[in-house]
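Now for the letters of each chain:
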Amino acid sequence: MRHPSFIARTVLVHNNDVEAACRILNRILGREDILDQFRRTRFFEKPFQFRRRINFERCKAIYNEDMDRKIQFVLRKNRTDPFPGCS
Amino acid sequence: MFRNQAQKLMKKFTLGNVVQKCIAPLSVSAVKCREVIDRREMLRSLPSVDEGTAGEKAVDVDSLIGHKNVFPTLDLPNRLFNGIPFKDLPIFNIRVSPNNTIISFTDAKGVPNLNRSCGVEGFKNAKKGTNVAAQATALTIGTKVLERGIKTVRVRVRGLGPGRMAAIKGLQMSGLDIVSITDSTRVSWNPPRPRKQKKL
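Within an unreviewed UniProt entry, the label attached to chain B reads 28S ribosomal protein S11, mitochondrial, and the organism entered is Callosobruchus maculatus. What UniProt states about chain B under its Sequence similarities (unreviewed entry) heading is, verbatim, "Belongs to the universal ribosomal protein uS11 family."

Per an unreviewed UniProt entry, chain A goes by 28S ribosomal protein S21, mitochondrial and derives from Callosobruchus maculatus. According to the UniProt record, the Sequence similarities (unreviewed entry) comment for chain A reads "Belongs to the bacterial ribosomal protein bS21 family."

Following this line, the structure appears as structure tokens:
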């Protein structure tokens, strides 16, 4: 189904601050992988490039997951001693 | 053949040897077009192309907290802007590509009224695809629309290129009141096969 125009991918401008609105829009488009997909489909992506990209993204996701876990561990809050090793 | 004749001629003169030395490298013509050793290095050192996507990579955690009502709601089509409901506001369509920017002004239904592109504006060839050209074009068409007595508009942008931000800014500079910005870049996750990659 088509997304309704002027509802999807739309930001409202407040106080005539166009740049801020554009930045919000661009950031969302970038986060949602829309701009990347647009750039990727300008030229044909050869199968070996596709494979390499997918593998790279997989590795990156695994790394990020582990890193997130590590950060959550370091930042965990309910410790008996809030600042271990500092007393 | 020419070279042989020239050599024969040269030998007749006493200065033949000297001149022959000068001519010899010319006729060998082992001229390399360009020395391409580190193209990747060179490309990396070049400044990145402006695609009008400022803030794409920005990581602002709480930037949206200050902004309220940035995103459209279901009642947006009927909300009044300068006394006109949103759905009846005229539209600026901006088509951006790396090589050109085309701005067209349509009414709320999408019937085109005015057209302007960087090429029409007087920028030719590579200059069409610059942010300066886009801004100038937007200024021109913006003032034309203002003369018609239209002040409040919405903007729809399609494509990436240097003119993306510049065109919107130009419209704003011409004195128009931009209510909303919409991105309508055509993106597909299963597109028909695109053209082959450029050889570098």
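What follows picks up the thread again.
Caption draft 1: Up close: the interface of chain A and chain B. With 38 residues of chain A at the contact, the number on the chain B side is 54 residues. A buried area of about 4,000 Å², summed over both sides, lies between chain A and chain B, and 61% of it is on carbon and sulfur atoms. Counting the contacts that link chain A with chain B gives four salt bridges. Close ionic contact of K169 of chain B with E19 of chain A constitutes a salt bridge, the shortest N to O distance being 3.6 Å. Applying the counting criterion to the chain A and chain B interface returns 16 residue pairs in polar contact (both at pLDDT 80 or more).

Caption draft 2: Expanded view of empty space enclosed by the protein. In this structure the tally under the stated criterion is one cavity of 30 Å³ or more. For the largest cavity, the calculated volume is near 30 Å³. In this structure, the largest cavity is lined by C22, L25 and N26 of chain A together with G52, V157, R164, M165, I168 and I181 of chain B. Elements with a contribution of two residues or more to the lining of the largest cavity: α1 (18-31) of chain A together with α7 (163-173) of chain B.

Calculation notes
Per chain, the residues get numbers from 1 upward, laid out in the order the sequence is written. Going through the entries in the order they are written, you letter the chains from A and number the ligands from 1. Only residues with pLDDT of at least 70 get local features here, since the model is predicted, and only at 80 or more are side-chain atom pairs given and counted; chain-wide, interface and lining totals rely on the full set of residues. Only hydrogens and water are set aside when side-chain values are computed; all heavy atoms of the structure are taken into account. UniProt positions are given in the numbering used here, feature names are shortened, and annotations may be inferred rather than shown by experiment. In what follows, a contact means two residues having at least one pair of non-hydrogen atoms within 4.5 Å. Put simply, buried area is how much 1.4 Å-probe accessible surface two parts lose in total, over both of them, once they are put together. When a carboxyl oxygen of Asp or Glu lies within 4 Å of a side-chain nitrogen of Lys or Arg, that pair is called a salt bridge. Polar contact criterion, stated in full: a pair of N or O atoms within 3.5 Å, where within protein one must be able to donate a hydrogen and the other to accept it, and residues adjacent in sequence count only if both atoms are side-chain atoms. In the cavity and pocket records, a cavity denotes points on a 1 Å grid over the protein atoms alone where a 1.4 Å probe fits but cannot get out, a pocket denotes an open set with protein on both sides within 12 Å along at least 5 of 7 lines, and lining residues are residues with an atom within 4 Å of a point. Grid points are joined across faces, edges and corners, and a volume is the space filled by probe spheres set on the points. In DSSP terms, a helix is any run of H or I states spanning at least four residues, a strand is any run of E spanning at least two, and both are numbered starting from the N terminus.

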